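Chain residues, written in single-letter form:
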Amino acid sequence: MRALIIGVGQCGTKIADLFSLVDFESLAVNTSKGDLDYLKHIPPERRILIGESLTGGKGVNANPLLGREAMKRDLSLVMRKIGSIIGYEDVDIFFLTFGFGGGTGAGGTPVLAEALKEEYPDSLVVAIGALPLREEGIRPTINAAITIDKLSKIADSIIAIDNNKLKEGSDDISRAYERINYTIVERIASMLALVDVPGEQTLDASDLKFVLKAFGSFATVGYAKADANRVKSLSRLIIKSFESEGLYLEANIESALYGLVAIHGPPELLKAKDIFEALDYLTNKIRGKQIFRGFYPDPREREVEIVTLLSGIYESRSIENIIVTAKKYAQSFMVAKKEAETRKEELLKGLPDFDDIYPAVDEENEGGLEGIFEGIEKDVPDIKSLRRRE
């Protein structure tokens with residue numbers, strides 16, 4: 001199983017940088033040179049500055065139009081770098097990490113996603129985006145809604161992470177964002193690490209690709225982990241991974257079409273009764289009734305880890321709140337803009353033009369100011385003639 005992580009924009013490149021820390025092939029693309037220099041784990045040769053002629057390497061100030069234009073201008077550069085990384089080996093999935101509410105990520109990611117779909121039709125393109133906080137206001141919310149619309153027509157799946165989960169902890173803002181980013185990487189990396197690995201029942205690359213090829217719908221990755229000596233009910237721990245407390249998106253999992261569950265831990269805890277009880281519950285709960293499963297007993301492990309992927313989701317409170325709020329903001333803005341234009345027209349209506357107030361320049365002075373000054377000069381006596389009179 002081969003995956004390439006491509007971070008776009010400030011948020012996306014930070015997430016890609018963490019993927020690079022845990023040895024995933026990663027690439028960083030941004031309009032801000034400073035943000036690229038800040039990265040710690042992606043090597044410099046895999047950091048691409050785009051739109052420098054447009055922004056001077058200083059970012060796009062959350063303007064997705066500039067982000068889109070920057071990606072278009074340097075798309076060939078980005079695609080060549082991707083081609084050089086891939087070489088002659090196929091990539092199963094491109095994961096594009098970004099922030100829905102920003103400028104470079106929101107504007108540039110759909111452009112790159114479309115190019116990847118055209119260039120690599122046998123590979124999946126999966127967007128992993130962070131939704132903005134409700135308190136961030138109008139611009140990030142509208143950016144997110146429009147980007148959701150664009151990506152839903154291009155990407156195979158959209159894994160949306162709700163940043164409003166930040167407020168559930170007591171961390172300061174920097175640590176809260178770091179926690180969200182780390183959580184994204186932990187879940188995706190754990191899932192990929194268990195694909196094509198020998199086990200009692202294994203998940204292979206084709207299983208994961210089947211689940212993620214979900215017609216541009218939403219997907220969410222659930223997660224649960226506990227020390228072996230603290231697990232009282234494995235069934236309950238599995239269920240926890242795909243309930244609200246284990247997810248980073250407020251979604252109605254009953255609307256999901258597909259599911260994938262990977263369970264990893266010490267053999268003595270992976271009881272068949274507990275596992276099948278939980279999986280039967282999940283199968284009956286989701287609309288599609290299709291669950292791929294992998295069981296990985298490991299005597300070296302002293303923790304139980306469960307990764308759950310649900311895809312084909314069309315009902316999400318997190319997404320609906322973004323869309324509804326963006327529509328309200330946009331409609332309110334358009335009304336305000338129209339009112340401002342109407343008031344300007346009313347204020348200026350009836351105002352005369354210069355021609356209505358000032359007398360027209362006669363034919364002799366058609367040359368404008370130069371003609372006027374020439375006329376004045378004709379009436380001024382020569383200084384020498386004045387002296388002769390004296």
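Treat the numbers as computed from the prediction; the structure is a model and nothing was measured.

Visitor: Teacher, can you tell me more about a nonpolar patch on the surface here?
Guide: A cluster of nonpolar residues, I138, F333 and M334, forms a patch on the protein surface that exposes about 300 Å² of accessible area. By secondary structure assignment, the location of M334 is in helix α12 (residues 317-348). By relative accessible area, M334 is classed as partly exposed at 49%.

Visitor: Any chance you could explain the pattern of salt bridges here in plain terms?
Guide: Close approach of charged atoms allows side chains of opposite charge to pair. A full pass over the atoms with the stated rule returns 13 salt bridges. One salt bridge connects D149 with K153, and the closest N-O pair in it is separated by 3.3 Å. Overall, D149 belongs to the partly exposed group, its relative accessible area being 37%. On the accessibility criterion, K153 (63% relative accessible area) is exposed. Here K273 makes a salt bridge to E277, at a shortest N to O gap of 3.6 Å. Separated by four residues within a single helix, K273 and E277 lie in helix α11 (residues 272-285), roughly one turn from each other. Classification of E277 by relative accessible area gives partly exposed; the value is 43%. What emerges from the salt-bridge pattern is a single network uniting K117, D156 and K213.

What counts, and where the lines are drawn
The residue numbering used here restarts from 1 in each chain and proceeds along that chain's sequence as written. Local features in this predicted model are restricted to residues whose pLDDT is 70 or higher, and side-chain atom pairs enter the listing and the counts only when it is 80 or higher, whereas totals over whole chains, interfaces and linings include all residues. Note that the side-chain values use all heavy atoms of the structure and ignore hydrogens as well as water. What makes a patch is a set of residues exposed beyond 30% relative accessible area and free of salt bridges, joined within 9 Å when like-charged and within 5 Å when nonpolar (Val, Leu, Ile, Met, Phe, Trp, Tyr). Values of accessible area rely on a 1.4 Å probe in the Shrake-Rupley scheme; residue burial ignores everything except the protein chains shown. When a carboxyl oxygen of Asp or Glu lies within 4 Å of a side-chain nitrogen of Lys or Arg, that pair is called a salt bridge. Only DSSP runs of H or I covering at least 4 residues are called helices, and only runs of E covering at least 2 are called strands; the numbering of each starts at the N terminus. Buried means the residue's accessible area, taken with a 1.4 Å probe over protein chains only, is under 20% of the maximum for its type, while exposed means over 50%, and partly exposed covers the values in between.

Honestly, that's just the spatial picture; any functional story needs more than this.
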